[in-house]
2 protein chains.
Amino acid sequence: MAKKNVNILVVNDDGITAPGIKVLLEEMKKLGNVVVVAPDSPQSGMGHAITIGRPLRLDKIDLYEGVEMYKCSGTPVDCVKLAIHKIYKGKKPDICVSGINHGLNYSINVLYSGTMSAAVEGAIEGIPSIGFSLDDFSHQADFSFCRPYVLGITEQVLKNGLPKNTLLNVNFPRGEEIKGIKICRQANGSWVEEFEERTDPHNRDYFWMTGKFELNDRGEETDVFALHNGYAAVVPTQFDMTAHHAIPEINSWSFDIKDEK
Amino acid sequence: MAKKNVNILVVNDDGITAPGIKVLLEEMKKLGNVVVVAPDSPQSGMGHAITIGRPLRLDKIDLYEGVEMYKCSGTPVDCVKLAIHKIYKGKKPDICVSGINHGLNYSINVLYSGTMSAAVEGAIEGIPSIGFSLDDFSHQADFSFCRPYVLGITEQVLKNGLPKNTLLNVNFPRGEEIKGIKICRQANGSWVEEFEERTDPHNRDYFWMTGKFELNDRGEETDVFALHNGYAAVVPTQFDMTAHHAIPEINSWSFDIKDEK
């Protein structure tokens, strides 16, 4: 059943032993040759971090029968870079899939998420890329109902390709049934942090960061709306962060640079 | 000269002792009340990482006379979050400036840069925000010629505000003279990595990541073009990563979800 000429890179941010990446590699094995490169420890919230001040380790391991797997000491983005340059030797895979993340990456969370940043890095490298996330943080998360969606969406990307410089951010609601797929935009929202202050045994203060997401967007075409209503949310995502619409306004400013000729 | 009712948050990613942040806080002191919150060690390449698996430290220090300063054990984005919630107590500052980074953050580097991610976080919080970077990695970098630009651009942002959900990414060329300011878009490009392989004293392999930037964009309206021609490059930057133009195309796909009703 697997198409042996399709090369699939599987990455994540929860680490190589996370249940979500096992589900993802099992589904991907139905579509082609799978190589897994994942962090050796959890890397949630690492965003688009790369490792430049320390050396990186990359070690082959046998975790699941018949799958080429490597654990990496670096970030999710490091994993993608090492995979392309040290494992694929510059011959890029046909697709890069990241996840399945334990926890959602909707709205602004695309920026904090190691799962999504790995997929973004794949896209920067010109590889069709998808990040998958499920609304369940637990180690015992039930991924069964989203398996056919992971397979179906990946098949569509392999068949159609993706628009240039675009990847997909796919989030699944929790529950036994998914109503279908909605193509969405990223909802506007942000986190309201709370820092829990504690004192260590040496009498020094420290903080644990927690917070809650605040939605500032009543749109019905958002990822948050789709998820709330039981749909898988698919957001086409780009890495050009230019606010093109703002260029004319900033061009109208008169900069008064004091010692400019 | 300082307008005492203007509250200015200064952050960076090179760490609280970097020369670049000293230049930035000196210029900002001309405009208002400065609070500095910066990492206690270099955090270049940290992207939009946040610290969720470890506690955070935030300690007041006296490094420069008459400036309220804090060093933070976390990432640049953590610094912004802690500043807003623990120092400003939720009353947001009037502007957030990040840098001046030792090294450029043009093109795709906006995603890897801790300097820019701190500014992005400020913008997510609704604060007018600017990231500044100079084309000089050295500790002895000469920031003198970009000082009037830092001041002039910040004054314009304070005067005009910024379009909603937009921040500025400002990069300065190296050299004794800046020709002026160009409002640009982010150039299309990516890094071609090279991993230098070494063996440790225990006979285990490790890698150092290096690489070179590859520009895939001949546009004359890009940040890279402006910098090459001696101009300060100002890119209006957004944090909505939705590829809005791609939504209709993805909506044309027929998803074949096997066990969907």
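Residues numbered from 1 in each chain as written. Chains lettered and ligands numbered in written order. Predicted model: local features only at pLDDT ≥ 70, side-chain atom pairs only at ≥ 80, totals over all residues. Heavy atoms only, no water.

Peer 1: Where do I start with the packing of aromatic side chains in this structure?
Peer 2: Geometrically, a pair of aromatic rings is defined through the distance of the ring centres and the angle of the planes. Residues and elements named next belong to chain A. Evaluation of the coordinates by the stated rule reveals 12 aromatic pairs over all chains. Ring geometry for Phe195 versus Phe207: centroids 6.4 Å apart, planes at 85°, classification edge-to-face. Here Phe207 lies in strand E10 (residues 205-215) and Phe195 lies in strand E9 (residues 189-199), a separation of 12 residues in the sequence. Residue class for Phe207 comes out buried when judged on its relative accessible area of 5%. (Phe/Tyr/Trp six-rings, centres within 6.5 Å; stacked < 30°, edge-to-face > 60°. Helix = DSSP H or I, 4+ residues; strand = E, 2+ residues; numbered from the N terminus. Buried < 20%, exposed > 50% of the residue type's maximum accessible area, 1.4 Å probe, protein only.)

Peer 1: What am I meant to see in the relation of the copies chain A and chain B here?
Peer 2: Mapping chain A onto chain B calls for a screw motion: a turn of 180° about the axis and a shift of 0.0 Å along it, with 0.0 Å RMSD after fitting. In symmetry terms, the pair is related by a two-fold rotation axis. Both copies contact each other with a shared surface, as 100% of the interface residues of chain A are interface residues in chain B too. (Least-squares fit on C-alpha atoms with pLDDT ≥ 70 in both. Contact = heavy atoms within 4.5 Å.)

Peer 1: How do you make sense of the nonpolar core when you look at a structure like this?
Peer 2: Soluble globular proteins tend to bury their nonpolar side chains together. Of all hydrophobic cores here, the largest spans 90 residues; its most connected members are A:Val37, A:Leu58, A:Leu111, B:Val37, B:Leu58 and B:Leu111. If sequence neighbours within four positions are ignored, B:Leu111 has contacts with A:His48, A:Val120, A:Ile124, A:Phe239, A:Met241, B:Gly47, B:Ser117 and B:Met241. Counting residues in hydrophobic clusters, the runner-up holds 45 residues, among them A:Ile95, A:Ile100, A:Leu162 and A:Ala232. (Core = buried A, V, L, I, M, F, W, Y, C linked by side-chain atoms within 4.5 Å.)

Peer 1: Teacher, can you tell me more about the interface of chain A and chain B here?
Peer 2: Listed per partner, the contact involves 91 residues of chain A and 91 residues of chain B. Carbon and sulfur atoms supply 63% of the area that chain A and chain B bury against each other, a total of about 8,000 Å² over both sides. Across the contact surface, chain A and chain B share eight salt bridges. On the surface where chain A and chain B come into contact, there are 32 residue pairs in polar contact (both at pLDDT 80 or more). In terms of residue count, helix H5 (residues 147-160) of chain A provides more of the side of chain A that touches chain B than any other element does, eight residues in total. Counted by class, the side of chain A that touches chain B contains 42 nonpolar, 25 polar and 24 charged residues. (Buried area = accessible area lost by both parts, 1.4 Å probe. Salt bridge = Lys/Arg side-chain N within 4 Å of Asp/Glu carboxyl O. Polar contact = N/O pair within 3.5 Å; in protein donor to acceptor, adjacent residues only side chain to side chain. Nonpolar A, V, L, I, M, F, W, Y, C, P; charged D, E, K, R; others polar.)

Peer 1: It is not clear to me how the state of the cysteines should be interpreted in this structure. Could you clarify?
Peer 2: In protein structure, a disulfide is the covalent linkage between the sulfur atoms of two cysteines. Summed over all chains, the structure comprises zero disulfides over all chains. With no disulfide of its own, A:Cys184 lies closest to A:Cys146 among cysteine sulfurs, the gap being 16 Å. (Disulfide = S-S within 2.5 Å.)

Peer 1: Quick question: what am I supposed to make of the UniProt feature "binding site: a divalent metal cation" (unreviewed entry) in chain A here?
Peer 2: Sites flagged by UniProt as "binding site: a divalent metal cation" (unreviewed entry) map to A:Asp13, A:Asp14, A:Ser44 and A:Asn101. Over a stretch of 89 residues, the named residues converge on one spot in the fold, their C-alpha atoms separated by at most 9.0 Å. Put simply, the named residues that line the second largest pocket are A:Asp13, A:Asp14, A:Ser44 and A:Asn101. Here A:Asp13 lies in the loop between strand E1 (7-11) and helix H1 (19-28). Each residue touching A:Asp13, except ones within four places of it in the same chain, is listed here: A:Pro39, A:Ser41, A:Pro42, A:Gln43, A:Ser44, A:Gly45, A:Pro76, A:Asn101, A:Ser113, A:Gly114 and A:Thr115. One can find A:Ser44 in the loop between strand E2 (33-39) and strand E3 (58-61). Note on A:Ser44: relative accessible area 30%, which makes it partly exposed. A:Ser44 has contacts with A:Asp13, A:Asp14 and B:Ile52, leaving out every residue within four places of it along the chain. For A:Ser44, the side chain forms a polar contact with the side chain of A:Asp14, separated by 3.2 Å. (UniProt positions renumbered as here; feature names shortened; annotations may be inferred. 1 Å grid on protein atoms, 1.4 Å probe; cavity = no way out; pocket = protein on both sides within 12 Å on 5 of 7 lines; lining within 4 Å.)

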